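Here are the chains, one letter per residue:
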Amino acid sequence: MFSSFPNRRGRRLRQNRGIRALVRETILSKSDLICPIFLREGTKIIENIPSMPGVNRYSIDTLIPYVEKLISSGILTVALFPLTPSNKKSSDCEEAWNPENLVNIATRQLKKNFPELIVMLDVALDPYNIDGHDGLLVNGKIINDETLVALERQALVQAESGADILGPSDMMDGRIKKIRVALEEKGFKDTLIMSYAAKFASAYYGPFREAVGAQGLLKGDKKTYQIDPPNIQEAIREVEEDINEGADMVMVKPGMPYLDIISEVKRKFSFPTFAYQVSGEYSMIRGAIENNWLEKDITIIESLTCFKRAGCDGILTYFAPEAADILDKGSGG
Ligand code: PBG
């Protein structure tokens, strides 16, 4: 079908920057990026997170100017994660549906200051759970259906606070349906759900758990609800179920080690598909950059562009602010 050498020389298409740009199949742009942000209580605080160099926790007053900068650099969507003080963690997780909890206050402030900003919030109990788990725990067991009731309360308060996108990240069975029905009933017809549909029980979440202060707390592991990493068919079934239950967008998580899942999900469902380049992926790349083992700009852009090539519409990434700068400078290769 194709002519062969020397009628065809693959290298003709790679001979210079202009020709390469002309035949490029995948373009990464700033509007593809969702920036996760860690919050903490207090004022005038910007504190670094040792396991994630370059990523900080912000108090609400420092969050506002930070987000203003992000918006002017072209980042349109943020995802907020709280560091919860231990006296607000409990086994019934009621801080999760406190309208005055950190993420709800932050969401209202952000939407007031920047009405066009898209705010995404995680629906899961782990930041508020004394056991560090995403679900309620009774006698050492995660209880699915009781957890759904808590997640529904959490989701409704988040929608009420003005969150544009809810991201159920807990992997309980039936949660998307439960949340969707509740949102419809209460009149939140435009609130989007981006389900963490294929979320694996991954070692790559380690630095995040330090960032949200869940590290020492977690009793056991999350293997009874997050997917076993070797399983692709199971992941596809989970995604299909979340789409059927009313998700608007689906996410695969982690990202880079799971590009095969992303590609299969996009091919199979033709549905808005996202990936989370998680904390461990960030810290690996960042660590190598800091040691001068990898070149910063081209590594960051390559890592993100590959998500798009695999089929992603967008990517949650801690590199979002830097990637926006690199795309502006055109120094990403
Ligand atoms: C909590 C949650 C986790 C992440 C996002 N939401 C951690 C977990 O499931 O233990 C991980 C994000 C990251 O590692 O960057 N439900």
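The sections below set out a description of the structure shown in this document. (Residues numbered from 1 in each chain as written. Predicted model: local features only at pLDDT ≥ 70, side-chain atom pairs only at ≥ 80, totals over all residues. Heavy atoms only, no water.)

### So, helix 9 (residues 279-290)
For helix 9, with 12 residues, the first-to-last C-alpha span of 16 Å sits near the 16 Å given by 1.5 Å per residue. For helix 9, a buried count of nine out of 12 residues is recorded, marking the element as mostly surrounded by other parts of the structure. The set of residues buried in helix 9 consists of Ser279, Gly280, Glu281, Tyr282, Ser283, Ile285, Arg286, Ala288 and Ile289. Its buried side turned inward, helix 9 meets helix 6 (206-211), strand 11 (273-277), helix 10 (296-310) and helix 11 (320-329). Where helix 9 terminates, the next one or two residues include Asn292, which has phi positive at roughly 60 degrees. (Helix = DSSP H or I, 4+ residues; strand = E, 2+ residues; numbered from the N terminus. Expected span 1.5 Å × (residues − 1). Buried < 20%, exposed > 50% of the residue type's maximum accessible area, 1.4 Å probe, protein only. Contact = heavy atoms within 4.5 Å.)

### Some words on the site of the ligand
Lys199, Arg209, Lys253, Ser279 and Tyr318 are the nearest of the 18 residues found near the ligand. At 2.8 Å, a side-chain N or O of Ser169 approaches a nitrogen atom of the ligand. Measuring from an oxygen atom of the ligand, one finds a side-chain N or O atom of Arg209 at 2.7 Å. When the free accessible area of the ligand is taken as 410 Å², the share hidden by the protein chains comes to 100%. For the shell around the ligand, the residue count by class is eight nonpolar, three polar and seven charged. (Near = heavy atom within 4 Å. Polar contact = N/O pair within 3.5 Å; in protein donor to acceptor, adjacent residues only side chain to side chain. Areas by Shrake-Rupley, 256 points an atom, 1.4 Å probe, with all protein chains shown as cover. Nonpolar A, V, L, I, M, F, W, Y, C, P; charged D, E, K, R; others polar.)

### Some thoughts on a negative patch on the surface
A cluster of acidic residues, Asp145, Glu146, Asp173, Glu240 and Glu241, forms a negative patch on the protein surface. Listed by contribution, the elements that provide at least two residues to the negative patch are helix 4 (144-161) and helix 7 (233-245). With respect to the helices and strands, the residue Asp145 is situated in helix 4. (Patch = residues over 30% accessible without salt bridge, like charges linked within 9 Å, V, L, I, M, F, W, Y side chains within 5 Å. Salt bridge = Lys/Arg side-chain N within 4 Å of Asp/Glu carboxyl O. Lys, Arg positive; Asp, Glu negative; His and termini not counted. Charge placed at Lys NZ, Arg CZ, Asp CG, Glu CD.)

### A word on the nonpolar core
Within the largest apolar cluster, 106 residues are counted, with the highest numbers of intra-cluster contacts made by Ile37, Phe38, Val78, Leu80, Leu110, Met194 and Tyr276. If one sorts the elements of this core by residue count, helix 4 sits on top with seven residues. Those residues in contact with Leu80, other than ones at most four positions away along the chain, are Ile37, Leu39, Val103, Ala106, Thr107, Leu110, Val119, Met120, Leu121 and Asp122. (Core = buried A, V, L, I, M, F, W, Y, C linked by side-chain atoms within 4.5 Å.)

### Side note on the side chain of Ser303
Looking at the secondary structure, you find Ser303 in helix 10. At 3.2 Å, the side chain of Ser303 and the side chain of Gln277 are in polar contact. Contacts of Ser303, omitting those with residues within four sequence positions, involve Met256, Gln277 and Ile285.

### Regarding the environment of Glu25
Tracing the backbone through its elements, the reader meets Glu25 in the loop between helix 1 (17-22) and strand 1 (33-39). Linking Glu25 and Arg57, residues 32 residues apart in sequence, is a C-alpha distance of 37 Å.

### Digging into the pairing of strand 1
When you tally the buried positions in strand 1, you get seven out of seven residues, the bulk of the element. The two faces of strand 1 match: Leu33, Cys35, Ile37 and Leu39 on one face and Ile34, Pro36 and Phe38 on the other face are all buried. Of the strand pairs in this sheet, strand 1 and strand 12 (residues 314-317) are connected by two bridges, and their pairing is parallel. Bridged to Leu33 within strand 12 is Ile315. Where strand 1 meets strand 4 (residues 77-82), six bridges bridge the pair, whose relative direction is parallel. When the bridges of strand 4 are listed, Phe38 appears paired with Phe81. (Pairing = 2+ DSSP bridges.)

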